[in-house]
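Descriptive structure summary
The chain contents come next:
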Amino acid sequence: MVPLFYNTRSLWARRLSTGLTVVGLGLVVFVFSAVLMLANGIESALASGGDASNVVVLRKGATSELVSGVERDAVRILTTDPQVASGPDGQPLVAGERVVLLTLPSGRTQAMNTSARGISAESFAARPEVQLVSGRRPRPGTNEVVLGRSLVGTSPEATLGGELRFARQRWPVVGVFAARGGAFESEVWADAMRLGTAFGREDYSSAVVRLRSPAEVDAFVKRVEANPRFTLEARPEPTYWADQASGLATFIRVLGLFVSFVFSVGAVLGAMITMYAQVATRVAELGMLRAVGFRRRSVLASVVVESAMLGAAGGVLGALGALATRWIHIRTLNFQTFAAVSFGFSPTPAILLGALLFGTGMGLLGGLLPALRAARLSILDALRAF
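Fair warning: this is a prediction, and the values are worked out from it, not measured in the lab.

Digging into the packing of aromatic side chains
With the rule as written, the count across this model stands at eight aromatic pairs. Taking the centre distance of 5.7 Å and the plane angle of 75° together, the rings of Phe184 and Trp189 count as edge-to-face. Just as Phe184 is buried, Trp189 falls in that class too. Summarising the aromatic geometry, the rings of Phe184 and Trp241 are spaced 5.3 Å apart at their centres and angled 85° between planes, so their arrangement reads as edge-to-face. One end of the pair, Phe184, is in the loop between β7 (169–178) and β8 (187–191); the other, Trp241, is in helix α7 (residues 237–281), with 57 residues separating them in the sequence. For Phe184, a relative accessible area of 0% puts it in the buried group.

Digging into the pairing of β8
Look at any regular strand and the pattern is simple: side chains alternate between the two faces of the sheet. Counting buried positions over the five residues of β8 gives five, a clear majority of the element. In terms of strand pairing, strand β5 (residues 145–148) meets β8 through three bridges, oriented antiparallel. Bridging from a neighbouring strand, Val145 pairs with Ala190 of β8.

Things to note about helix α6 (residues 217–226)
The periodicity of an α-helix, 3.6 residues per turn, causes residues three or four positions apart to be oriented the same way. All buried positions along α6 are accounted for by Val217, Phe220, Val221 and Val224. One side of α6 holds all its buried residues, which, seen down the axis, span an arc of 100°. In this structure, α6 carries Asp218, Lys222 and Ala226 as exposed residues pointing more than 90 degrees from its buried face. Residues of α6 that are buried in the fold lie against β1 (54–59), α3 (72–78), β9 (206–210) and β10 (232–236).

Here we look at the pairing of strand β6 (residues 163–166)
Side-chain alternation along β6 places Leu164 and Phe166 on a buried face and Glu163 and Arg165 on a face that remains uncovered. Here β6 pairs with β7 via four bridges, running antiparallel. Following the sheet pairing, Leu164 is matched in β7 by Trp171. Linking two consecutive strands that pair antiparallel, namely β6 and β7, is a turn of two residues; a positive phi of about 55° is found at Ala167 within it.

Reading guide: rules and limits
- Residues numbered from 1 in each chain as written.
- Predicted model: local features only at pLDDT ≥ 70, side-chain atom pairs only at ≥ 80, totals over all residues.
- Heavy atoms only, no water.
- Phe/Tyr/Trp six-rings, centres within 6.5 Å; stacked < 30°, edge-to-face > 60°.
- Buried < 20%, exposed > 50% of the residue type's maximum accessible area, 1.4 Å probe, protein only.
- Helix = DSSP H or I, 4+ residues; strand = E, 2+ residues; numbered from the N terminus.
- Pairing = 2+ DSSP bridges.
- Arc of directions from axis to C-beta.
- Contact = heavy atoms within 4.5 Å.

Read these as geometric descriptors, not functional statements.
Next comes the structure, spelled out in structure tokens:
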């Protein structure tokens, strides 16, 4: 048997040391869970830019659209595939696109790399998740642009009715679009021909192909890569964007977990010191427990359970603190594309459960040695403390 009522009363009677220990453990759990939520937010933001029915076609060996090149003739050939879906106007949903990097002002002194996507007439139809939230689409053959929602307000010019300046030209902002929080929301969209002329790009960077059904994606990918008329490779769009997220997400996850590990060592030592101090001040109480019939293993379990309760409380506190970050959004450089991407902290039940287990585990480790010391106390020595 474990005297749980005694453990609860003991924690309350020593609420100052209990509170400080819980806060210390909670801070470590906060860092641990916030790191996992941040990495998951990056992957969610980029992966949500993919549609299961879409395929991204790149030059063979290219790691991203930025370093790829797809000839116009190849795009025309792709439109003849029998599995390509058709838009409302009956045209095949194959859009050749150009992707370039812009340097746009962000605040008063800073500048940031931003992806500009030159779109074709079928780009919006091929991506149903991209919807205008204000304004209108850019007219073909003009310098008009639309902004992803996360870019709005990053500079005085980045707003509906504003005017961006790059490539020694002026680009009026005529609309703002959303894309379910995906990577497209960190892009500027303009007419592909005008963007190609401004940056001296003749070929497309990529082509997005919308198929009739997600079940046809694998067969289409094989046909593209086996076609001897061009050297291209195709990837399902969700896979492509997941690959773009992998480098940055892995870096943040590894760095964050290393920091969490260093902090957790200190937190475990703090919990251990706290439990040693509590055992030292409760020698008589522990002796009384032995005197009324509790065995050594019951005393050991009592101290371990008490320490685990501290850890669980710290886990709950840290997880709740991390949940409060879900409304924070961050812009940082994606290592794969060298362009800024906006994302937030994305909690999941698995991360929250992991935070609770992590806190409880730290409490258990911190209470193990003090529990062994308490269990070894003899009844006679303990009762002499009265």
